[in-house]
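Observations on the three-dimensional arrangement
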6 protein chains.
Amino acid sequence: MILPTFFMLSFLLTSSSCNALDFCVADLKTPQGLAGYSCKKLELVTVDDFVFSGLHAGNTSNLIKAAVTPAFTAQFPGVNGLGISIAHLDLAVGGVVPMHTHPGSSEIIVVIQGIIDAGFVSSANRVYFKTLKTGDIMVFPQGLLHFQINAGTTPALAYVSFSSPSPGVQILDFALFGNDLPSDIIEETTFLDDAQVKKLKGVLGGTG
Amino acid sequence: MILPTFFMLSFLLTSSSCNALDFCVADLKTPQGLAGYSCKKLELVTVDDFVFSGLHAGNTSNLIKAAVTPAFTAQFPGVNGLGISIAHLDLAVGGVVPMHTHPGSSEIIVVIQGIIDAGFVSSANRVYFKTLKTGDIMVFPQGLLHFQINAGTTPALAYVSFSSPSPGVQILDFALFGNDLPSDIIEETTFLDDAQVKKLKGVLGGTG
Amino acid sequence: MILPTFFMLSFLLTSSSCNALDFCVADLKTPQGLAGYSCKKLELVTVDDFVFSGLHAGNTSNLIKAAVTPAFTAQFPGVNGLGISIAHLDLAVGGVVPMHTHPGSSEIIVVIQGIIDAGFVSSANRVYFKTLKTGDIMVFPQGLLHFQINAGTTPALAYVSFSSPSPGVQILDFALFGNDLPSDIIEETTFLDDAQVKKLKGVLGGTG
Amino acid sequence: MILPTFFMLSFLLTSSSCNALDFCVADLKTPQGLAGYSCKKLELVTVDDFVFSGLHAGNTSNLIKAAVTPAFTAQFPGVNGLGISIAHLDLAVGGVVPMHTHPGSSEIIVVIQGIIDAGFVSSANRVYFKTLKTGDIMVFPQGLLHFQINAGTTPALAYVSFSSPSPGVQILDFALFGNDLPSDIIEETTFLDDAQVKKLKGVLGGTG
Amino acid sequence: MILPTFFMLSFLLTSSSCNALDFCVADLKTPQGLAGYSCKKLELVTVDDFVFSGLHAGNTSNLIKAAVTPAFTAQFPGVNGLGISIAHLDLAVGGVVPMHTHPGSSEIIVVIQGIIDAGFVSSANRVYFKTLKTGDIMVFPQGLLHFQINAGTTPALAYVSFSSPSPGVQILDFALFGNDLPSDIIEETTFLDDAQVKKLKGVLGGTG
Amino acid sequence: MILPTFFMLSFLLTSSSCNALDFCVADLKTPQGLAGYSCKKLELVTVDDFVFSGLHAGNTSNLIKAAVTPAFTAQFPGVNGLGISIAHLDLAVGGVVPMHTHPGSSEIIVVIQGIIDAGFVSSANRVYFKTLKTGDIMVFPQGLLHFQINAGTTPALAYVSFSSPSPGVQILDFALFGNDLPSDIIEETTFLDDAQVKKLKGVLGGTG
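Residues numbered from 1 in each chain as written. Chains lettered and ligands numbered in written order. Predicted model: local features only at pLDDT ≥ 70, side-chain atom pairs only at ≥ 80, totals over all residues. Heavy atoms only, no water.

Quick notes on the interface of chain F and chain A
Contacts between the two partners involve 49 residues from chain F and, on the opposite side, 48 residues from chain A. Of the roughly 4200 Å² buried where chain F meets chain A, counting both sides, 69% is carbon and sulfur surface. Considering only the surface of chain F that becomes buried against chain A, Asp22(F), Ile84(F) and Ile137(F) emerge as the three largest contributors, covering 14% of it. At the boundary of chain F and chain A, one finds two salt bridges. Its salt-bridge partner being Lys130(A), residue Asp48(F) comes within 2.5 Å of it at the nearest N-O pair. Linking chain F with chain A are 13 residue pairs in polar contact (both at pLDDT 80 or more), by the criterion used here. Ranked by the residues each element gives to the side of chain F that touches chain A, the list is headed by strand β7 (residues 127-132) of chain F, at four residues. The class makeup of the residues in the side of chain F that touches chain A is 30 nonpolar, 13 polar and six charged. (Contact = heavy atoms within 4.5 Å. Buried area = accessible area lost by both parts, 1.4 Å probe. Salt bridge = Lys/Arg side-chain N within 4 Å of Asp/Glu carboxyl O. Polar contact = N/O pair within 3.5 Å; in protein donor to acceptor, adjacent residues only side chain to side chain. Helix = DSSP H or I, 4+ residues; strand = E, 2+ residues; numbered from the N terminus. Nonpolar A, V, L, I, M, F, W, Y, C, P; charged D, E, K, R; others polar.)

What follows is the structure, encoded as structure tokens:
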């Protein structure tokens, strides 16, 4: 009497779930589509597709004294399509995550260690700015300019969660000064002085 | 004077609709993506992609005296991307659809024949439970535990519609007792007794 | 030792679920928003909000010998926001559901009794037309012109499920001939003859 | 001190943006999926994928004295996935865009030159009809029957924007009279006279 | 025999469409929700809710020699919920729309008169920049920095369409220099010089 | 020359952003709708709506030796509509988060301190189970049964991020044994023994 059960329930499970998408671990070798990557075949998926051990501290020996270590779809294919991802943020003393936006993602920061000044500017041009202590969280709405600064005298650590598995990031200085956007165009559209533009192009590798 | 019309209207139709998605009959041989399958080429699509004759009565000669016959994307590729699917439910006398969830779909049942006890539990932990007569309908919100039981003395038939073309199903007993989830983990996370867990693993084929 | 459990789990449930939307039974007295109605207060919701017994046979003593009895949000507030609804379709001998569209919903018909000719026209101007026998299902993609006709010698019954809790319906003849759209505009935009337009306006109550 | 900056920021950019979808220029050679086409490889994308110069005046030497020149995904792959597209509309004196729907898109018309009578019919069967002067705009909600007519004595020009990159179009007369939908079915489902149906099938190439 | 038809069809229309959302003209006096405003009562809606005549030329007698005249939900409540809106752009000789983003909307520009230099920067830090002639269109993907400049010797006109009925706009200079964001924070997060920041705060009214 | 700029840019900002939704801080006193709460008036919003300091350690002096401290919409109205939220998880030695689902949200756990056994079961009935060390993350797809157990000899801490601002939670034991679901129904739909059901009802307060 038990065999028929197996048959029936297996049928139920097989027929209904074989194309049900509990998840869709990204097959990064497929062409990317609008909604992410195609799914790795289910028989190849293991628990290691859903676990990631690479969120260690980053190297902050750089000009901004900061490092972001991401677990986005490219590093952690298990989040593909699940509407969430996370990154590890290290801010050495004096460290800064420069002004930037995520064009298609909101963000929550949780401060694990240290003190962080964080803020964003709304499209109504208001500033929402606060000093975050260890344990505090702050949310940055999608697409708005925001930043984080180590405001303390010790290294700061934080986790930043995103409402997208692949949150793009547009860093203002790189967008303006780190490519071949002509200087006269930058100056016309930002009102920055020519000397300022050229100075920062020098630092950030911009041409034009 | 008629030829120009043809030209113009054909142009309108061709240019605008050649990549407009009225529908997207699943090409089940393509890799599945987050939003379903790629589309069968339009020139290969026929009315038979939109019609399904396989929703006949299922075989209820099993322990739970129940059968679900689905018309989901895997059986009925025409629903791919259309946000809807349907299944046929047979409940012999004493038949039961055990406690289960659909992780990404709501459901409406319409009772065609017989009497069915149906219910769901909300995440606020309330029970919504009712005896449905022939002709009654009940809606089960997405992701919540629910069940159906033949409450009468004759076989019951019903159609169940889903708000997804590929509604996954997670049957509680199979999730707990029909795989290799270790018994001690089950016991710690469900508070069930060891004897109970092992008894049901015996019935449902679980190991560990 | 049990009290702390209650405290903790109750806290878990209360704090997390008090604004989680398992469901949102429509409060039809609130102003309607883009995403449906506001939610009935949880403490007022009962199982009867999720069960509907009004899907009985409709009265087909009319010109088209057909009746549609809906369980949409207006009749069945429990489906609000759940992406699904259902209706009962009666087609007397000779009965017809005239050419119509649902501007924001796909539809599945399941034939419970009788024989039904059903079809739709794609935006690529192809006809998908089939005679459905009892037990057959057909899917009609969102927004496309479609129809159903009793093709047999006995009354036909069917259930029609929708991918929206409030599927609007635009019946072609009513849209053209049942309002005050000026006859000359109709004629210019449909190429119908003036006599034809005026005849159908007479039948359907159109003016202008 | 600058090299480390480059390393860090490049890392930030590379790791986070390599699978972030700022955009997804359609690779029209890939199979189309539910959410559009797969993306052209980023290294092949140029500004010309985002610029289109083909929205010139169309040829209105046809029966309806109208022409629509689209910039949809098929012509302008850069809009793939961006939720927007546009077309150029020419209406010679006496020109008409016949009654039609877009099954999955709303539309805004802006009149650049001339005078246009435009209208739509809601599913509640009301007519929203107005004479638009140069500079006026009108919005047509998704899925509803609508039309545009040159109401002046000079050619009219307009741009029509859509809330979809691939707005399908279902032209009523073509759907009814320009394919093989059997005449008796048309007559049963539209109440049009047989002579009218056959006359328009003659004009529009319908058979059956 | 006609009365029953009216009854039946009216029933069909009334019961199904009374809460179907063909459209949802914003009632701007209601509190705004996540998905826009509540809907104006249907009996109060007229064609004038869907037509807007205010897209005239703006006044470009200002420092940037540019004006944007919007038809967003606030000005044109008929677009509420329809996923589209439009604006009129005037660029006098030398006029500029400064560097800005739309946090939740893509944009298409169509040049009606004149020559416009337009460009955007991707989150991969590439520049997509082109001189647009009259009749050209360009698409700007959601959330990315972009700009437009009159590149000719005559005034330029354009229409800009958006994939949102309420596309927010974040103008870079205002976000940085037009509010109370402290200068030291700006300098730390943008690497701009103190003199530059203070100069632009002077122009744009910033404090702090 | 500066005043006109102000006028123009202010106009731009005012007219376009006054109903643009950068964010929608929940006004918890409004009726909840399908897409969350109505928005707090912009002039009342401060940075404190976007910062939350209540994610401290919870009290684990309870049977399961665990505590979840949420920052969902009810506690942290700033996340309303932003598609993300977070909670603090404390697991004392021997602590367990029992088997549960989130009907409408995926989850990422990041282990801050200690060792955690975590797992989920797919609807294809496979177990994905792993021991997570400090610094590891794991993702749990929407709607699937999952659990976390302190697997070490010291207290464990973690943050759990969700892809919804209001992730409901359905705890299996409470859904089955903590309400008035009749014991015979539980037994029929779960195959649990009567003694087991009654024992757990005793612990969890269930009746019926």
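After that view, the rundown keeps rolling.
Here's the deal with the state of the cysteines
Residues and elements named next belong to chain B. Evaluation of the coordinates by the stated rule reveals six disulfides over all chains. Each sulfur in the disulfide pair Cys24 and Cys39 lies 2.1 Å from the other. The sign of the S-S torsion, about -100°, decides the handedness of the disulfide formed by Cys24 and Cys39: left-handed. Remark: Cys39 occurs in the loop between α1 (2-17) and β1 (51-52) and Cys24 occurs in the loop between α1 and β1; sequence separation between them is 15 residues. There is no split in this pair, since Cys24 and Cys39 are both buried. (Disulfide = S-S within 2.5 Å. Buried < 20%, exposed > 50% of the residue type's maximum accessible area, 1.4 Å probe, protein only.)

Digging into the relation of the copies chain F and chain A
Take chain F, turn it by 180°, move it 0.0 Å along the axis, and it overlays chain A with an RMSD of 0.0 Å. Within this description, the copies of the chain are treated as partners about a two-fold rotation axis. Scanning chain F for the C-alpha nearest the rotation axis identifies Ser163(F), at a separation of 3.0 Å. A high fraction, 98%, of the interface residues of chain F reappear at the interface in chain A, so the copies pair face to face through one surface. (Least-squares fit on C-alpha atoms with pLDDT ≥ 70 in both.)

Focus: the packing of helix α3 (residues 183-190) of chain B against helix α4 (residues 194-204) of chain B
Residue and element names in this part refer to chain B. The geometry of α3 relative to α4 is characterised by a closest axis approach of 10 Å and an angle of 125° between their N-to-C directions. With respect to each other, α3 and α4 are oriented oblique. Pair α3 / α4 crosses with right-handed handedness. Contacts from Ser183, Ile186 and Glu187 in α3 reach Asp194, Val197, Lys198 and Lys201 in α4. Partitioned by chemical class, the residues of the contact of α3 with α4 number two nonpolar, one polar and four charged. (Axes fitted to C-alpha atoms, helices over the stretch in contact; angles between N-to-C directions. Parallel < 35°, antiparallel > 145°, perpendicular 65-115°, else oblique. Left-handed = near helix turned anticlockwise from the far one by under 90°.)

Details of helix α4 (residues 194-204) of chain F
Structurally, the α-helix is built with 3.6 residues per turn, so residues lying three or four positions apart point the same way. All names here are of chain F. Within α4 the residues assigned to the buried category are Gln196, Val197, Leu200, Lys201 and Leu204. Along the axis of α4, the buried residues cluster in a sector spanning 130°; they form a single face. Residues of α4 that are exposed and point more than 90 degrees away from the buried face comprise Ala195 and Gly202. Gly205 occupies a position one or two residues after α4 and carries a positive phi of about 85°. (Arc of directions from axis to C-beta.)

Side note on the relation of the copies chain F and chain B
What relates the two chain copies is a rotation about an axis together with a slide along it. With an RMSD of 0.0 Å, the operation that places chain F on chain B is a rotation of 180° combined with a shift of 0.0 Å along the axis. Looking at chain F, 100% of its interface residues are interface residues in chain B too, so the copies touch through the same face.

Considering the side chain of His146(B)
Within the secondary structure, His146(B) sits in strand β9 (residues 146-150). Engagement of the side chain of His146(B) in a polar contact is seen with the backbone oxygen of Leu144(B), the distance being 3.0 Å.

Here we look at the side chain of Asp49(D)
Residues and elements named next belong to chain D. Tracing the chain through its elements places Asp49 in the loop between α1 (2-17) and β1 (51-52). Taking relative accessible area as the criterion, Asp49 reaches 11% and is therefore assigned buried. In this structure, Asp49 is in contact with Val25, Lys40, Leu44, Phe76 and Gly78, ignoring residues within four places of it in sequence.

Looking at the domain arrangement of chain A
Each assigned domain of chain A is listed with its residue range as follows: domain 1 (54-168) and domain 2 (175-204). Computed over C-alpha atoms, the centres of domain 1 of chain A and domain 2 of chain A are 26 Å apart. (Domains from an automatic or database assignment.)

Examining the interface of chain F and chain B
At the junction of the two partners, chain F supplies 44 residues and chain B supplies 44 residues. Here chain F and chain B share an interface that buries about 3800 Å² over both sides, 62% of which is from carbon and sulfur atoms. Of all residues in chain F, the largest losses of buried area upon contact with chain B belong to Gln170(F), Thr189(F) and Phe191(F), amounting jointly to 16% of the total for that side. Seen at the junction of chain F and chain B, the total is two salt bridges. With a closest N to O distance of 2.7 Å, Asp193(F) and Lys199(B) form a salt bridge. Where chain F packs against chain B, one counts 20 residue pairs in polar contact (both at pLDDT 80 or more). Looking at the side of chain F that touches chain B, the elements that each hand over two or more residues are β4 (96-101), β6 (116-121), β7, β9 (146-150), α2 (172-177), α3 (183-190) and α4 of chain F.

Here's the deal with the pattern of salt bridges
Residues and elements named next belong to chain F. If you walk through the whole model with that rule in mind, you get 36 salt bridges over all chains. In this structure, Asp194 engages Lys198 in a salt bridge whose closest nitrogen and oxygen atoms are separated by 3.1 Å. Pair noted here: Asp194 and Lys198 are both in helix α4, with a separation of four residues, about one helical turn.

Notes on the packing of aromatic side chains
Evaluated as defined, the whole model comprises 60 aromatic pairs over all chains. Ring plane angle 20° and centroid distance 5.0 Å describe the contact between Phe120(B) and Tyr128(B), whose orientation is recorded as stacked. Look at Tyr128(B) and you get buried, because its relative accessible area is 3%. Arranged with centres 6.2 Å apart and planes meeting at 75°, the rings of Phe120(D) and Phe23(E) form a pair that is edge-to-face. (Phe/Tyr/Trp six-rings, centres within 6.5 Å; stacked < 30°, edge-to-face > 60°.)

Considerations on helix α3 (residues 183-190) of chain C
All names here are of chain C. In terms of burial, α3 is a largely internal element, six of the eight residues being buried. Along α3, the residues that are buried comprise Ser183, Ile185, Ile186, Glu187, Thr189 and Thr190. Looking at the residues trailing α3, positive phi occurs at Phe191, about 65°.

Here we look at the UniProt feature "domain: Cupin type-1" (unreviewed entry) in chain A
Mapped onto this numbering, the UniProt entry annotates "domain: Cupin type-1" (unreviewed entry) at residues 53-198 of chain A. Between the end C-alpha atoms of residues 53-198 of chain A the distance is 41 Å, and the span holds 13% helix and 38% strand. (UniProt positions renumbered as here; feature names shortened; annotations may be inferred.)

Quick look at the sheet that holds strand β6 (residues 116-121) of chain B
Residues and elements named next belong to chain B. Taken together, the five strands give an open sheet; going across it, the order is β7-β6-β9-β4-β11, and neighbouring strands pair in antiparallel fashion. The sheet is open, and its two borders are formed by β7 (127-132) and β11 (170-171), each paired with just one other strand. Inspection of the sheet shows β6 paired to β9 by five bridges, in the antiparallel sense. Note on β9: the bridge partner recorded for Asp117 is Ile149. (Pairing = 2+ DSSP bridges.)

Notes on the pairing of strand β8 (residues 137-140) of chain E
Burial along β8(E) is two-sided: Ile137(E) and Val139(E) and Met138(E) and Phe140(E), pointing in opposite directions, are all buried. Taken together, the two bridges between β1(D) and β8(E) define a ladder with antiparallel strand orientation. Opposite Val51(D), over in β8(E), you have Met138(E) as the bridge partner. Note that strand β5 (residues 107-113) of chain E and β8(E) share four bridges and pair antiparallel. Of the residues in β8(E), the one forming a bridge with Ile109(E) is Met138(E).

Considerations on the arrangement of the chains
Across all C-alpha pairs, the smallest distance from chain A to chain C is 17 Å, and the two are not in contact. One finds no contact between chain D and chain F; the C-alpha atoms of the two approach each other to within 17 Å at their closest.

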